[in-house]
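Tertiary structure, described
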Amino acid sequence: MKDNEAVEAVKEIRVMMEKSSRFLSFSGTSAILIGVYALAGAFIVHRIIWSVEDIPGYSVPGWIGIVPDIVLVALIVFVLSLVTILFFSARKARKMNSSFVSGVAYRTFLNFFLPLATGGVFCLALLVRGEAGIIAPVMLLFYGQSLINASKYTYGSIFWLGCGQLLLGLICAFFPGTGLLLWSIGFGVLHIIYGIYFYFRVERESAA
């Protein structure tokens, strides 16, 4: 009986230490939804590009004309993803009786958004310079680094999601023309797979 009580005490201490040192309000549902948003956005961008390629003689001026549309789709996907993360994280924090706004939350989001914001500005510079062809690998690489940075302050499994993004970014850099496909796999498929894994292997087990 005493042994069981000791084990339970150790578990409680471990949970308390994790809550104080790690951001544990991440939700697998939000990862799945982000993947769905990304796939929907990729489909819309594909349709936009296809509409230009289908018009004879609509080359360079046509591509310049659709850039604002593609940027708008990307911004909508980003805003939807950000709102989804904040909503589900805040809701999970309430269920766990913990504060969503805390020092560890600030550290997590700082380490995530600093490389991401840097990558966004760099992508904007590439767009201005007319080098849109390498934006997809740059986005994957910076996003992967953002996930790896944030994984130090939240669930460690996010590290491997970041590594997957880095790998896709490197492949994309060596194979021009695969940007939209690999972007869809990275931001869409990998997020959905990870979200399903996280929901069943982490969230449900911790709630049991």
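Residues numbered from 1 in each chain as written. Predicted model: local features only at pLDDT ≥ 70, side-chain atom pairs only at ≥ 80, totals over all residues. Heavy atoms only, no water.

Here the focus is the packing of helix α5 (residues 135–150) against helix α6 (residues 158–174). Interaxial distance between α5 and α6 falls to 7 Å at its minimum, and their mutual angle equals 160°. Considering their axes alone, α5 and α6 lie roughly antiparallel with respect to each other. Of the two possible hands of crossing, α5 and α6 adopt the one that is left-handed. For the pair α5 and α6, contact is made by Ala136, Pro137, Leu140, Leu141, Tyr143, Gly144, Gln145, Leu147 and Ile148 and by Ile158, Phe159, Leu161, Gly162, Cys163, Gln165, Leu166, Leu168, Gly169, Leu170, Cys172 and Ala173, respectively. (Axes fitted to C-alpha atoms, helices over the stretch in contact; angles between N-to-C directions. Helix = DSSP H or I, 4+ residues; strand = E, 2+ residues; numbered from the N terminus. Parallel < 35°, antiparallel > 145°, perpendicular 65-115°, else oblique. Left-handed = near helix turned anticlockwise from the far one by under 90°. Contact = heavy atoms within 4.5 Å.)

To continue, consider the nonpolar core. Formed by 22 residues in total, the largest nonpolar core has its most connected members in Phe26, Leu140, Leu147, Tyr155, Phe187, Tyr194 and Phe198. Sorting the residues of this core by element identifies α2 (28–53), α5, α6 and α7 (179–207) as the ones contributing at least two each. If one sorts the elements of this core by residue count, α7 sits on top with 6 residues. The next biggest cluster of nonpolar side chains, apart from the first, holds 6 residues, and it includes Val45, Ile48, Ile66 and Val77. (Core = buried A, V, L, I, M, F, W, Y, C linked by side-chain atoms within 4.5 Å. Buried < 20%, exposed > 50% of the residue type's maximum accessible area, 1.4 Å probe, protein only.)

Let's shift gears to α5. The end-to-end C-alpha separation of α5 is 22 Å, in line with the 22 Å expected for 16 residues at 1.5 Å each. Of all 16 residues making up α5, 12 are buried, and the element is well covered by its neighbours. The set of residues buried in α5 consists of Ile135, Ala136, Pro137, Val138, Leu140, Tyr143, Gly144, Ser146, Leu147, Ile148, Asn149 and Ala150. (Expected span 1.5 Å × (residues − 1).)

In this section: the side chain of Ser157. Take Ser157: it is sitting in the loop between α5 and α6. According to the relative accessible area criterion, Ser157 is buried, its value standing at 17%. Beyond its immediate stretch of four places on either side in the chain, Ser157 contacts Tyr194, Tyr197 and Phe198.

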